[in-house]
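If you want the building blocks of each chain, they are given just below.
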Amino acid sequence: MRDDLRAGLVICDDELTPAQQRTLENRLGCKIIDRTALILDIFAQRARTREGAVQVALAQHEYLLPRLAGQWSHLERMEGAIGSRGPGETQLETDRRLIRNQIKRLKKDLEHVRTHRHQQRRRRDRTGIPLVALVGYTNAGKSTLMNTLTQANVRVRNRLFETLDPTTRRCRLNDDHTVLLSDTVGFIQKLPTQLVAAFRATLEELLEADLLLHVVDATHPDAAEQAESVHHTLADLGVDTRPTITALNKIDLLEDAAITADGRLANDIAQAFPNAIPVSAETAQNLNALKTAISNTIPTLPNIHLLNSESR
């Protein structure tokens, strides 16, 4: 197949061990990258802030470290420069030492990020306003919903992993309730463990959330499978039992016959998500129903302090 397609690159839709990657490259005679490497490359292109760049760089370095052998043609050269361990150190050992030093530095930088975010959360906690975190599969429309509800002006594009850094804004639900709405990085099937670890400071927003708002793309043929992937990731983070409201987004793109007179969906996805609220973040359709659902859920949430008249 590679010869027929004259391919110079093969992408495997799964994670490869370093040995598997080297074996495939030797057999096929071309560059091999796996699912994790592809996702890391996409993340690197999407990172616009220093925080996002540091998180992606850490994940890339931790992915590269065990794969250094065979990456470069110069690895067997002996390095005798001043500052190295001595004339017996190979270039491979030098590269590994440099990458380990980089990983150590990046982890230190991320610890500062984590401390800063912890201080921000403590300030938010003092306001007593509940925190609602947007979660969902990548490209489900979380950022668009965030913008429509809060006028946050979060960058929105129709592509994977557009949002890497969380954004938190106030959202007025009604005269009685205000919440903080936080947009987070989108999930994907088989999310690389390096990314989960590197984005710990960002994903900790979910650990502090009083309520999760799970946004599902109602137009996607694999919506149920995508939602299951989100649930698996939330379980890995230990927040799968957090109170959750599901919003079926992009109903403006569905045929009219798919929507009943009371605003419910009449297609198969409605059966997969019987308690979900159909909305359109793009056109603001049915967002009042979503706000009402959140407002009605707030009094039942454990361990939160509702906004009182003095703090409004």
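Here's what I pulled together on the structure shown here. (Residues numbered from 1 in each chain as written. Predicted model: local features only at pLDDT ≥ 70, side-chain atom pairs only at ≥ 80, totals over all residues. Heavy atoms only, no water.)

Let's shift gears to the overall build of the protein chain. Per the secondary structure count, the protein chain includes eleven helices and ten strands. Contacts spanning at least 24 positions in sequence make up 65% of the contacts within the protein chain whose residues lie at least 6 apart. Accessible area of the protein chain: about 16600 Å², with a carbon and sulfur share of 48%. (Helix = DSSP H or I, 4+ residues; strand = E, 2+ residues; numbered from the N terminus. Contact = heavy atoms within 4.5 Å. Areas by Shrake-Rupley, 256 points an atom, 1.4 Å probe, with all protein chains shown as cover.)

Glancing now at the packing of helix α3 (residues 35–46) against helix α4 (residues 50–64). For the pair α3 and α4, the least separation of the axes is 10 Å and the interaxial angle reads 155°. In terms of orientation, α3 lies roughly antiparallel with respect to α4. Taken as a pair, α3 and α4 cross one another with a handedness that is left-handed. Mapping the contact onto sequence places T36, A37, L40, F43 and A44 in α3 and V56, A59, Q60 and Y63 in α4. (Axes fitted to C-alpha atoms, helices over the stretch in contact; angles between N-to-C directions. Parallel < 35°, antiparallel > 145°, perpendicular 65-115°, else oblique. Left-handed = near helix turned anticlockwise from the far one by under 90°.)

One can find Y63 in helix α4. In this structure the C-alpha to C-alpha distance between Y63 and P192, which are 129 residues apart in sequence, comes to 9.7 Å.

Okay, the pattern of salt bridges next. Summed over all chains, the structure comprises six salt bridges. Between R35 and D13 there is a salt bridge, with the nearest N and O atoms lying 2.5 Å from each other. With R35 in helix α3 and D13 in the loop between β1 (9–12) and α2 (18–28), this pair connects stretches of sequence that are 22 residues apart. Notably, a salt bridge pairs D217 with K250, separated by 3.3 Å at the nearest N-O pair. With D217 in strand β8 (residues 211–217) and K250 in the loop between β9 (244–249) and α10 (268–272), the pair connects residues that are 33 residues apart, well separated along the chain. By the burial criterion, D217 is buried, and K250 matches it. (Salt bridge = Lys/Arg side-chain N within 4 Å of Asp/Glu carboxyl O. Buried < 20%, exposed > 50% of the residue type's maximum accessible area, 1.4 Å probe, protein only.)

With that settled, the discussion passes to unusual backbone geometry. Of note in the backbone geometry, A284 takes a positive phi value of approximately 70° without being a glycine. Residue placement: A284 occurs in the loop between β10 (277–278) and α11 (287–297). A relative accessible area of 38% means that A284 is categorised as partly exposed. Here the phi dihedral of N286 falls at roughly 65°; this positive angle occurs in a residue that is not glycine. Inspection of the secondary structure puts N286 in the loop between β10 and α11. Residue N286 is classed as partly exposed on the basis of its relative accessible area of 31%.

By size, the foremost hydrophobic cluster in this structure holds 25 residues, and its most contacted members are L145, L213, I245, L290 and I294. Of all elements in the fold, only β5 (131–136), α6 (142–150), β7 (178–183), β8, β9 and α11 reach the threshold of two or more residues within this core. Residue contributions to this core peak at four residues, all from α11. If near-sequence neighbours (up to four positions away) are discounted, L145 is found in contact with L134, L213, V215, A281, L287 and L290. One finds F43, A133, V135 and L234 within the second-largest nonpolar core, a separate group that totals 20 residues. (Core = buried A, V, L, I, M, F, W, Y, C linked by side-chain atoms within 4.5 Å.)

This part is about α3. A rise of 1.5 Å per residue sets the reference length of α3, with its twelve residues, at 16 Å; its end C-alpha atoms lie 17 Å apart and thus fit the reference within 8%. Among the residues of α3, R35, T36, A37, I39, L40, I42, F43 and R46 are the ones counted as buried. (Expected span 1.5 Å × (residues − 1).)

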